[in-house]
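Residue-level structural notes
One letter stands for each residue in the lines below.
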Amino acid sequence: RTTVFEKGSVEDRGNGTNINSPQVISDQIQAFMNGEGRASPQTEFRAFFTVWTFVTRLPGPTWCDHHPGYLMRGMAYFPLSGLL
């Protein structure tokens, strides 16, 4: 025996609310990219500082949070933040 769970215990938990289905996630990403996350200099600036505060321990602007859309949009800035 290689597990501490009884057979079938994980499957019995079910799918919950199934909010994380691929279609729901895709719709949420599209809504963000077409609305608040639309390409603009302000969006790129916020994406950079979102990644900055996420990757480093250095403080960033108080108006930046760890919004998943801006983390996704700022993936290109991860190497730059890591270097600094």
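Everything in this summary refers to the structure shown in the same document. Since this is a predicted model, take the numbers as computed values, not measurements.

A look at the pattern of salt bridges
Where charged atoms of side chains with opposite charge meet at close range, the side chains can pair. Counted according to the given criterion, the structure contains three salt bridges. Salt-bridge contacts for E36 lead to R46; the nearest nitrogen and oxygen are separated by 3.4 Å. With E36 in the loop between α1 (22–34) and α2 (41–55) and R46 in helix α2, this pair connects stretches of sequence that are ten residues apart. Across the salt bridge formed by R46 and D65, the nearest N and O atoms sit 2.8 Å from each other. Of this pair, R46 sits in helix α2 while D65 sits in the loop between α2 and α3 (68–73), and the two are 19 residues apart along the sequence. What makes R46 buried here is its relative accessible area of 17%. Among the residues examined, D65 registers a relative accessible area of 37% and is labelled partly exposed. A single salt-bridge network, built from bridges that share partners, covers E36, R46 and D65.

Describing the packing of aromatic side chains
Aromatic ring pairs are described here by two measures, namely the spacing of the ring centres and the angle between the planes. Considering all chains together, one arrives at eight aromatic pairs under this definition. Between F45 and F49 the ring centres are 4.9 Å apart and the planes differ by 80 degrees, which places this aromatic pair in the edge-to-face class. Taken together, the residues F45 and F49, both in helix α2 and four residues apart, mark about one turn of the helix. When its relative accessible area of 18% is taken as the criterion, F49 is described as buried.

Cut-offs and rules
Residues numbered from 1 in each chain as written. Predicted model: local features only at pLDDT ≥ 70, side-chain atom pairs only at ≥ 80, totals over all residues. Heavy atoms only, no water. Salt bridge = Lys/Arg side-chain N within 4 Å of Asp/Glu carboxyl O. Helix = DSSP H or I, 4+ residues; strand = E, 2+ residues; numbered from the N terminus. Buried < 20%, exposed > 50% of the residue type's maximum accessible area, 1.4 Å probe, protein only. Phe/Tyr/Trp six-rings, centres within 6.5 Å; stacked < 30°, edge-to-face > 60°.

Worth remembering: the numbers are spatial, not functional.
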